[in-house]
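Residues per chain, in single letters:
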Amino acid sequence: MSVDDTGRSDRPTQEITVTVNGESVTAEVEPRLKLSDFLRSHMELRTVRVGCEQGVCGACTVEFDGTVAKSCMLYAVQADGREVTTVEALSEDGDLHPIQEAFHEEHALQCGFCTSGFLMATRELLAENPDPDRDVIEGALADNICRCTGYQNIYDAVETAADKLEGE
Amino acid sequence: MKPAPFEYHRPSSLAEALELLADLPDAEPLAGNQSLSILMSNRLASPDHLVDINDLAELSYVAADGQSVEVGALVRHREVERSGTLADALPLFPEAAGKIAGPVVRNRGTVGGSLGEGDPAGNYPCVAAALDADLELASADGSRTVPAEDFFIATMFTDREEDELITGLAIPREPFPPARTGQTFLAVKEAAQTWPTLSAAGAVRVDDPAADEPVVEEARVALANAAEVPLRVREAESELAGEPLTDAALAAAGETAYEAVDPEEELHADETYKRELAREYTKRALTTAHDRAVA
């Protein structure tokens, strides 16, 4: 690996070990590889949607180190030694998670591109606040953009999901 | 939207981080990455080295005693928003934190990052200006303290040297005894993710909240996105101080703000509109702060 006068070796890679959806994964990555690209392209976790790639759309939202984060604003190297959870971990044995069921029942998606991000943001919201009112829901989903639904069905779905989870 | 190559460093102590910043050419500290990553994705910044300070637990503190409130640089917006200590001591700080983007961004973004970005539209620079905060900076050579007023120099240009790290800020409590103080942070913005067109931080201390006509002992107002730097409008403050609050004093404070600002025109807000916002939100911030002081 050559080192130029910037003190930076040319295209270095680094070994990382990340716990993704409960499984430990070791990989060799360039530091500039975004966590979103690592999860979608290297790990083939296709629920991680790569949209704007600059922190605006929220489609790549995952749980990182215990809280939701936009994975295009994290580098995969930052996940070394950390835990990451994606929508793949929500359903068990093919059964939809109650939040996913609610999104399905309330028609909270049309094209579905943004849905993963909304599911992850909703999951954190309902874990912290099991009975949010409409304003709280809107605030909690403010980092996620949907260009199809106009949001109302998504907010309905969050309310329905809250009811489902309360009944469990 | 991929950043240029860089080398990644993850120090486990402040001393180690400062050594790296001193030794590495063209290095940037990496904290919440809610602004730097946008610049890097668009190749507006391409540092050769990133020094990840997320493991520096020693920069993650909120502490208050009788004299001051101290907040570490690595405290996340979400933690500021939910801090009971800050809600009791300096409520405009958590109010400002809650008005940054949405919760996913607030989970990651940090106090130090927002101050260091030096965006005149930012919430924390405005808070720091309003509350007369001191910024604490450290390098391998030592540490120093810079008043907010001197720290912000121009748009995204601050007094921080390249090998320095913001470690935290300290805010004096003496002007704001909670029982006689009201504070607020108002932001004018179209959507959560957008930068505010204008924001106003206000604080008012009265002599006796229970009096028929409480006298304003001290007033503070600072505006964001109204000039090249967060703008404390001292002339507006002095219009209120020393007397009970009147509509005439508020109107005079608003007029001084209209004149004091030097706003940059934006697509949906020309200079006159932003001056008018400065006038109106100076009045609203001071009114709200006063109402909370006497409540």
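Residues numbered from 1 in each chain as written. Chains lettered and ligands numbered in written order. Predicted model: local features only at pLDDT ≥ 70, side-chain atom pairs only at ≥ 80, totals over all residues.

1. Some points on the overall build of chain B
Move 1: Check the secondary structure of chain B and you find 12 helices and 14 strands.
Move 2: Over its C-alpha trace chain B gives a radius of gyration of 19 Å, about what one expects of a compact globule, namely 19 Å for 295 residues.
Move 3: Across the 295 residues that make up chain B, the buried fraction comes to 54%.
Move 4: Across chain B, the fraction of contacts at a sequence separation of at least 24, relative to all contacts at a separation of at least 6, is 65%. (Helix = DSSP H or I, 4+ residues; strand = E, 2+ residues; numbered from the N terminus. Rg over C-alpha atoms; globule rule 2.2 N^0.38 Å. Buried ≥ 20, exposed ≤ 12 C-beta atoms within 10 Å, placed from the backbone. Contact = placed C-beta atoms within 7 Å.)

2. Re the overall build of chain A
Move 1: Along chain A, the regular secondary structure elements total five helices and five strands.
Move 2: Put simply, chain A runs from its N terminus to its C terminus through helices and strands in the order β-β-α-β-β-β-α-α-α-α.
Move 3: For chain A, the C-alpha atoms occupy an extent of roughly 60 × 30 × 25 Å along the three principal directions.
Move 4: Buried residues in chain A amount to 44% of all 168 residues.

3. Regarding the domain arrangement of chain A
Residues and elements named next belong to chain A.
Move 1: Taken as a whole, chain A is organised into domain 1 (14-88) and domain 2 (98-167).
Move 2: Computed from C-alpha coordinates alone, the two centres of domain 1 and domain 2 are separated by 22 Å.
Move 3: Taken residue by residue, the interface counts 15 residues in domain 1 and 11 residues in domain 2.
Move 4: Every element with two or more residues in the side of domain 1 that touches domain 2 is listed here: strand S3 (61-64) and strand S4 (67-70).
Move 5: Of the residues forming the side of domain 1 that touches domain 2, the biggest block, three residues, is contributed by S3.
Move 6: For the side of domain 1 that touches domain 2, a count of residues per class yields eight nonpolar, five polar and two charged. (Domains from an automatic or database assignment. Nonpolar A, V, L, I, M, F, W, Y, C, P; charged D, E, K, R; others polar.)

4. Focus: the interface of chain A and chain B
Move 1: Contacts between the two partners involve 30 residues from chain A, matched on the other side by 29 residues from chain B.
Move 2: For the side of chain A that touches chain B, the secondary structure elements donating two or more residues are S4 and helix H4 (134-140) of chain A.
Move 3: Here the side of chain A that touches chain B gets four residues from one element, more than from any other, and that element is S4(A).
Move 4: Across the side of chain A that touches chain B, the residue classes break down as 12 nonpolar, 11 polar and seven charged.

5. A look at the pairing of strand S10 (residues 165-172) of chain B
Residues and elements named next belong to chain B.
Move 1: Counting buried positions along S10 yields six of eight residues, so the element is predominantly enclosed.
Move 2: In terms of strand pairing, strand S6 (residues 134-139) meets S10 through five bridges, oriented antiparallel. Across the sheet, Leu-135 pairs through a bridge with Leu-169, a residue of S10. (Pairing = 2+ DSSP bridges.)

6. A look at the sheet that holds strand S1 (residues 14-20) of chain A
Through backbone hydrogen bonds, the strands of a sheet pair up, either in parallel or in antiparallel fashion.
All names here are of chain A.
Move 1: If you walk across this open sheet you meet the five strands as S2-S1-S5-S3-S4, and the pairing is mixed. For this open sheet the edge positions go to strand S2 (23-29) and S4, each flanked by a neighbour on one side alone. Taken pair by pair, the neighbouring strands of this sheet meet at an average axis angle of 40°, ignoring direction.
Move 2: Strand contacts of helix H3 (residues 115-128): S3 and S4, with the helix running at about 40° to S3, the strand carrying the most contacts. (Axes fitted to C-alpha atoms, helices over the stretch in contact; angles between N-to-C directions.)

7. A short note on the confidence of the model for chain B
Move 1: Averaged over all residues, the pLDDT of chain B is 97; the fraction at 70 or higher stands at 100%.
Move 2: Interface confidence for the predicted complex, expressed as ipTM, amounts to 0.93; the pTM equals 0.95. (pLDDT = per-residue confidence, 0-100.)

8. Quick notes on the packing of helix H2 (residues 98-105) of chain A against helix H5 (residues 152-167) of chain A
Residue and element names in this part refer to chain A.
Move 1: Two numbers describe how H2 lies on H5: the axes approach to 8 Å, and their chain directions differ by 140°. Between H2 and H5, the interaxial angle falls into the category oblique. Along this stretch, H2 crosses H5, giving a crossing that reads as right-handed. Contact residues: Pro-98, Ile-99, Glu-101, Ala-102, Phe-103 and Glu-105 in H2; Ala-157, Thr-160, Ala-161, Lys-164 and Leu-165 in H5. (Parallel < 35°, antiparallel > 145°, perpendicular 65-115°, else oblique. Left-handed = near helix turned anticlockwise from the far one by under 90°.)

9. Section: the domain arrangement of chain B
Residue and element names in this part refer to chain B.
Move 1: Taken domain by domain, chain B consists of domain 1 (7-52), domain 2 (57-172) and domain 3 (178-294).
Move 2: Each of domain 1 and domain 2 was reduced to a C-alpha centroid, and the two centroids are 19 Å apart.
Move 3: Counting residues at the interface gives 12 residues for domain 1, matched by 16 residues for domain 2.
Move 4: If you tally residues by element for the side of domain 1 that touches domain 2, the top one is helix H1 (residues 14-23), at six residues.
Move 5: Class assignment of the residues belonging to the side of domain 1 that touches domain 2 gives a composition of seven nonpolar, four polar and one charged.

10. Here's the deal with the sheet that holds strand S3 (residues 49-52) of chain B
All names here are of chain B.
Move 1: Strand order across the open sheet formed by three strands is S1-S3-S2, with parallel pairing between neighbours. Strand pairing shows two members of the sheet lacking a second neighbour, strand S1 (7-9) and strand S2 (27-30), which therefore form its edges. Between one strand axis and the next, the sheet turns through 25° on average, direction left out of account.
Move 2: Strand direction decides the pairing type here: S1 and S3, joined by three bridges, are parallel. Within the sheet, the bridge partner assigned to Tyr-8 lies in S3 and is Leu-50.

11. Quick look at the packing of helix H11 (residues 247-260) of chain B against helix H12 (residues 271-294) of chain B
Residue and element names in this part refer to chain B.
Move 1: Two numbers describe how H11 lies on H12: the axes approach to 8 Å, and their chain directions differ by 140°. With respect to H12, the element H11 is oriented oblique. Crossing of H11 against H12: the hand is right-handed. In this structure, H11 uses Leu-250, Ala-253, Gly-254, Glu-255, Ala-257 and Tyr-258 to contact H12, whose residues at the interface are Arg-275, Ala-278, Arg-279, Glu-280, Thr-282, Lys-283, Leu-286 and Thr-287.

12. Some words on the nonpolar core
Residues and elements named next belong to chain B.
Move 1: One finds Val-127, Ala-130, Ala-201, Val-221 and Leu-223 to be the most contacted residues of the largest nonpolar core, which totals 138 residues.
Move 2: Examining the composition of this core, we find that seven residues originate from one element, H12, more than from any other.
Move 3: In this view, Val-221 contacts Ala-130, Ala-200, Ala-201, Gly-202, Val-233, Ala-236, Glu-237, Thr-282, Ala-285 and Leu-286; residues no more than four positions away in its chain are not counted. (Core = buried A, V, L, I, M, F, W, Y, C linked by C-beta atoms within 7 Å.)

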